[in-house]
Amino acid sequence: MSDDAFYVARASVARIDGIHRRATLEDGTTLEFGVHGPIKAHYGLDSQPNLPLPVDYLVAAAAG
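In this text the structure is predicted, and so the values were computed from the model without any measurement. Here the residue numbering is sequential within each chain, running from 1 through the sequence in written order. Only residues with pLDDT of at least 70 get local features here, since the model is predicted, and only at 80 or more are side-chain atom pairs given and counted; chain-wide, interface and lining totals rely on the full set of residues. The side-chain values count all of the structure's non-hydrogen atoms but skip hydrogen atoms and water molecules.

**Q** Talk me through a nonpolar patch on the surface; I want residue IDs and the actual numbers.
**A** A cluster of nonpolar residues, Val55, Leu58 and Val59, forms a patch on the protein surface that exposes about 290 Å² of accessible area. Position of Val55 relative to the elements: it lies in helix H2 (residues 54-63). The class for Val55 is partly exposed, based on a relative accessible area of 46%. Residues form patches when they are more than 30% accessible in relative terms and have no salt bridge. Like charges link within 9 Å. Nonpolar side chains (Val, Leu, Ile, Met, Phe, Trp, Tyr) link within 5 Å. Throughout, the Shrake-Rupley method with a 1.4 Å probe supplies accessible areas, and for residues the shown protein chains are the sole cover considered. When a carboxyl oxygen of Asp or Glu lies within 4 Å of a side-chain nitrogen of Lys or Arg, that pair is called a salt bridge. Every helix listed is a DSSP run of H or I at least four residues long, and every strand listed is a run of E at least two residues long, numbered separately from the N terminus. Type-normalised accessible area, obtained with a 1.4 Å probe on protein chains alone, sets the label of each residue: buried when under 20%, exposed when over 50%, and partly exposed for intermediate values.

Here's what the structure looks like:
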């Protein structure tokens, strides 16, 4: 078996504001993430925009 990686994900993540983050994938696709719903309310982040959590993308990728 080869020691070479089968796949290497390349992405960068930038802080936009507060907890708002933008990820850019190698192909140029961008993803915005932050908080929404009960988590946003629990932490008193009402001033933050409603954005998907990183885990939302993971669940969608696993289900898709």
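**Q** A description of the pairing of strand E3 (residues 30-33) should follow, citing residues and the corresponding values.
**A** As defined by bridge partners, strand E2 (residues 20-25) adjoins E3 across four bridges and the pair is classed as antiparallel. For Arg21, the partnering residue across the bridge sits in E3 and is Phe33. When DSSP locates at least two bridges between a pair of strands, those strands are taken to pair. Between E2 and E3, which follow one another and run antiparallel, lie four residues, and Gly28 among them has a positive phi close to 95 degrees.

**Q** Residue-level account of the sheet that holds E2, with values.
**A** Taken together, three strands build an open sheet; the order of strands is E1-E2-E3 and the sheet is antiparallel. A strand with exactly one partner marks an edge of an open sheet, and here the two such strands are strand E1 (11-17) and E3. Here the strands of the sheet are splayed against their neighbours by 20 degrees on average, with no regard to which way each runs. Simply put, an axis is a line fit to the C-alpha atoms, just over the touching stretch for a helix, and the angle between two N-to-C directions goes from 0 to 180 degrees.

**Q** Lay out the pattern of salt bridges with the relevant residues and their values.
**A** In total, this model carries one salt bridge according to the counting rule given. Across the pair Glu32 and Arg22 runs a salt bridge, and its minimum N-O distance is 2.4 Å. Of this pair, Glu32 sits in strand E3 while Arg22 sits in strand E2, and the two are ten residues apart along the sequence. Assessed through its relative accessible area of 22%, Glu32 is described here as partly exposed.

**Q** Requested: an account of the layout of surface pockets, with residues and values cited.
**A** Lining residues are defined by having an atom within 4 Å of a point belonging to a cavity or pocket. Those points lie on a 1 Å grid over the protein atoms alone, cavities being sets where a 1.4 Å probe fits but cannot get out and pockets being open sets with protein on both sides within 12 Å along at least five of seven lines. Grid points are joined across faces, edges and corners, and a volume is the space filled by probe spheres set on the points. Looking at the largest pocket, its volume works out to about 150 Å³. Taken together, Ala23, Leu31, Phe33, Pro54, Tyr57 and Leu58 make up the lining of the largest pocket. Of all the secondary-structure elements, those providing two or more residues to the lining of the largest pocket are E3 and H2. The greatest single-element share of the lining of the largest pocket, amounting to three residues, is contributed by H2. In the scheme used here, Gly and all other residues not listed as nonpolar or charged are polar, with Ala, Val, Leu, Ile, Met, Phe, Trp, Tyr, Cys and Pro taken as nonpolar and Asp, Glu, Lys and Arg as charged. Partitioning the lining of the largest pocket into residue classes produces six nonpolar, no polar and no charged.

By themselves these figures say nothing about function.
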